Amino acid sequence: LTPLFSGSVQIEEVTAKGAKVLLERRADGRGNWEFSGASPAPQDTGAEGDAASSLPSDFSLGQALLTDASLTWVDHGTGANIALEDVDLSVELPSLTGRASLDGGLTYNGERLTLTGSATNIAGLLAGTVEPVDLAIKAAGATVDLSGRIGLAPIAADVTLGVGVPDLGPVMRLAGQSAPSLPGGLGSNIRFDGQMIYASDGPGTVYLRGATARLGGNTLRLEADLALSDIPNLTARISAGDLDLSPFTTGGSSDPAVSGTGWPRDKLDVSALGLMNATVTLKANTVDLGLARLGVVDTVLTLQDRRLVAALNQVAAYGGGLTGQAVFNGRGGLSVGGDLRLSNIALQPLLNDLAGQDRLVGSANGALKYLAVGNSVHALMNSLSGSGSIAIGQGEILGLDLAGMLRNLDASYRGEGSKTVFNGVTASVTMDGGIATNSDLNFDAPLVQATGAGAVNIGAQTLQYRFTPVAQTGGNGISVPVIIEGPWNDLSFRPDLAALIDQNLAAERAAAEAAVRAQAEEALQRELGVDVEAAGGNVEQAVRDRVDQQADEVRKQLENEVGNALRGLLGGGN
């Protein structure tokens with residue numbers, strides 16, 4: 001007892017085995033560790049050293065052991081119920097100003113968690129100074145390593161933080177959540193390293209400096225400031241080398257735009273837009289989207305009061321680029337809009353990546369403005385409005401002699417060079433109520449001219465379009481109009497036979513009708529024994545009826561012959 005009488009507390013060992021601790025809070029907030037009539041807690045005067053002054057000037061704890069214990073926390077106000085099992089803990093505190101250590105483990109939600117830590121100068125920590133601290137946690141295969149300096153009054157930190165997650169599934173189970181289904185290995189081999197600083201200025205600010213994050217095979221470098229308040233404000237700078245986002249765009253479910261099921265009608269939850277305000281700058285050397293590949297990307301994401309704006313300062317792609325902005329506005333519902341511009345996009349590699357087609361050679365310029373309002377994808381698509389245009393300069397269609405095919409009505413015809421050279425392609429579109437209308441498609445080539453007009457009902461996922469190519473031969477044009485119509489998942493391609501005959505076979509039809517008329521008149525004269533012109537209206541009407549009947553038969557025969565030829569030309573389309 002001599003140390004105690006001298007103002008010093010020296011404890012060699014404290015051991016508790018099989019302890020069962022229940023911490024329970026009633027719905028009114030009172031805890032079972034609070035006793036009525038207890039002396040009030042001492043008031044904080046704000047002077048440093050108040051907390052430490054409640055301890056003896058000389059205190060030591062050789063070892064405190066807690067083995068095979070359990071701790072249960074029940075909050076009847078919130079419904080929380082947390083049970084920690086198999087708690088083993090060892091604490092050593094040789095002196096208040098020396099190095100204290102902690103080593104232990106526990107089981108939570110079936111996962112084992114172990115921790116090892118140390119702190120220097122406990123008295124300083126309690127007095128409000130910033131002191132060295134180390135902590136290592138292992139749980140569900142994941143690791144957290146923290147080393148640096150922290151303070152308790154006020155809370156402050158300047159630490160190096162390292163987090164490694166080999167598999168996200170066990171970590172989610174530890175947190176009481178089901179394991180997420182993430183594509184492309186995004187839930188494995190996660191790593192974060194960096195300096196984290198917390199300053200208690202106002203509501204507090206968290207700073208990340210020199211941080212790196214590895215996710216899905218990507219390495220990101222981070223600098224971020226997070227001001228904590230009722231609505232946190234994040235300012236971040238993210239840079240990457242080669243960024244692979246293909247797991248997000250490949251291997252998913254079928255595209256609702258071509259599945260025939262219509263656009264999803266489920267209400268879109270955009271509440272996450274209100275969780276914080278943010279300004280995030282993202283730069284990458286390349287970005288692989290799976291369906292397309294981009295070069296240098298420089299974009300700024302600005303989130304302010306539930307409105308997200310993505311400013312595309314530079315997006316290099318296929319020899320050209322994309323600029324503009326896209327907006328997601330969650331204020332009072334959802335609206336999306338944008339103003340995008342394409343410049344000098346090489347179509348052959350783009351279409352090869354998007355659709356596995358490499359026949360179209362040329363560069364495109366274009367623009368698109370759009371706006372849609374609605375709380376579901378279905379509503380957005382049915383409200384889509386805006387305008388757009390595209391222009392393709394000189395180019396080629398490889399493996400296809402379009403003029404030769406039209407002249408010969410032979411889909412197998414290739415011709416010399418097996419390609420169609422064109423001077424340019426232009427088109428514009430207007431959108432209103434989810435319907436996109438085009439009336440000025442123009443395909444300009446030395447031997448083939450083509451025009452197009454029609455409408456795409458984006459909301460209903462249907463198409464009604466008329467494409468009219470004209471092949472020039474010997475000063476005459478052979479026109480083969482084609483109607484493309486139907487739902488997107490079952491489009492029909494058919495020749496416009498009535499227009500074809502009217503436009504291209506008018507002379508042939510007139511000659512055929514004249515011959516039929518002459519034959520009918522001659523036959524009728526023999527049959528009736530009268531002069532047709534002198535016989536009056538009844539006879540003339542009979543002649544016209546006979547001529548019309550036989551002309552219809554000629555027309556049907558022509559339509560069948562032309563239709564069979566065009567079906568072969570169009571590859572058997574219906």
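You'll find the structure just up there.
Residues numbered from 1 in each chain as written. Predicted model: local features only at pLDDT ≥ 70, side-chain atom pairs only at ≥ 80, totals over all residues. Heavy atoms only, no water.

### Observations regarding the overall build of the protein chain
Of regular secondary structure, the protein chain possesses 11 helices and 32 strands. Taking all 574 residues of the protein chain together, the buried fraction comes to 32%. As displayed, the protein chain offers around 31800 Å² of accessible surface, 56% of which is attributable to carbon and sulfur atoms. (Helix = DSSP H or I, 4+ residues; strand = E, 2+ residues; numbered from the N terminus. Buried < 20%, exposed > 50% of the residue type's maximum accessible area, 1.4 Å probe, protein only. Areas by Shrake-Rupley, 256 points an atom, 1.4 Å probe, with all protein chains shown as cover.)

### Here's the deal with the pattern of salt bridges
Within the structure shown, the criterion is met by 12 salt bridges. Glu-111 is paired through a salt bridge with Arg-173; the nearest N and O atoms lie 3.8 Å apart. On the criterion of sequence distance, the pair formed by Glu-111 in strand β7 (residues 111-120) and Arg-173 in helix α4 (residues 168-174) is long-range, its members being 62 residues apart. For Glu-111, a relative accessible area of 16% translates into the label buried. What makes Arg-173 partly exposed here is its relative accessible area of 42%. Here Arg-331 makes a salt bridge to Asp-305, at a shortest N to O gap of 3.8 Å. Placement of the pair is Arg-331 in the loop between β19 (320-329) and β20 (335-346) and Asp-305 in the loop between β17 (297-304) and β18 (307-317), with a sequence separation of 26 residues. Given a relative accessible area of 38%, Asp-305 falls into the partly exposed group. Each member of the salt-bridge network shares a partner with another, and the members are Arg-209, Glu-223 and Asp-225. (Salt bridge = Lys/Arg side-chain N within 4 Å of Asp/Glu carboxyl O.)

### Observations regarding the packing of aromatic side chains
All chains considered together, the criterion is met by 3 aromatic pairs. Both rings, one in Trp-263 and one in Trp-488, keep their centres 6.2 Å apart while their planes meet at 85°; by these two values the pair is edge-to-face. Here the residue Trp-263 occupies a position in the loop between α5 (246-249) and β15 (277-288), and Trp-488 occupies one in the loop between β31 (482-487) and β32 (492-495), the gap between them amounting to 225 residues. The exposure class of Trp-488 is partly exposed, given its relative accessible area of 24%. The interplanar angle of 50° and the centroid separation of 5.5 Å between the aromatic rings of Phe-422 and Phe-443 together place this pair among those described as tilted. Residue Phe-422 is found in strand β25 (residues 419-422), and its partner Phe-443 is found in strand β27 (residues 435-444); the two are separated by 21 residues along the sequence. Owing to a relative accessible area of 1%, Phe-422 belongs among the buried residues under this scheme. Taking relative accessible area as the criterion, Phe-443 reaches 10% and is therefore assigned buried. (Phe/Tyr/Trp six-rings, centres within 6.5 Å; stacked < 30°, edge-to-face > 60°.)

### A closer look at the nonpolar core
The biggest cluster of nonpolar side chains holds 22 residues, and the ones touching the most others in it are Tyr-318, Ile-392, Phe-422, Val-425 and Phe-443. When contributions to this core are tallied by element, the ones reaching two or more residues are α6 (347-355), β26 (424-432), β27, β28 (448-457), β29 (462-473) and β31. Counting 13 residues, the second largest nonpolar core, distinct from the first, contains Phe-192, Leu-208, Ala-211 and Leu-303. (Core = buried A, V, L, I, M, F, W, Y, C linked by side-chain atoms within 4.5 Å.)

### So, the pairing of strand β12 (residues 205-215)
Sheet analysis places strand β11 (residues 188-199) next to β12, joined by 8 bridges and oriented antiparallel. By the bridge assignment, Ala-199 is partnered in β12 with Thr-205. Remark: 5 residues form the turn of the hairpin made by β11 and β12, two consecutive strands paired antiparallel; Gly-202 in that turn has positive phi of roughly 65°. The sheet contact formed by β12 and strand β13 (residues 218-227) spans 9 bridges and is antiparallel. Each residue of the ladder has a partner; that of Thr-212, found in β13, is Arg-221. What sits between β12 and β13 in their antiparallel hairpin is a turn of 2 residues, with Gly-216 showing a positive phi close to 60°. (Pairing = 2+ DSSP bridges.)

### With respect to the sheet that holds strand β24 (residues 395-398)
Pairing in this open sheet of 3 strands is antiparallel, and the strands run β21-β24-β25 from one edge to the other. Lying at the two open borders of the sheet, with one neighbouring strand each, are β21 (360-361) and β25. Pairing geometry for β21 and β24, over 2 bridges, is antiparallel. The partner of Val-361 across the bridge, within β24, is Glu-396.

### Here's the deal with the environment of Lys-267
Secondary-structure assignment places Lys-267 in the loop between α5 and β15. For the pair Lys-267 and His-378, spaced 111 residues apart in sequence, the C-alpha to C-alpha distance is 9.4 Å.

### A closer look at the side chain of Ser-335
Mapped onto the fold, Ser-335 is located in strand β20. Overall, the relative accessible area of 19% leaves Ser-335 in the buried class. Beyond its immediate stretch of four places on either side in the chain, Ser-335 contacts Val-327, Phe-328, Asn-329, Ala-372 and Val-373. (Contact = heavy atoms within 4.5 Å.)

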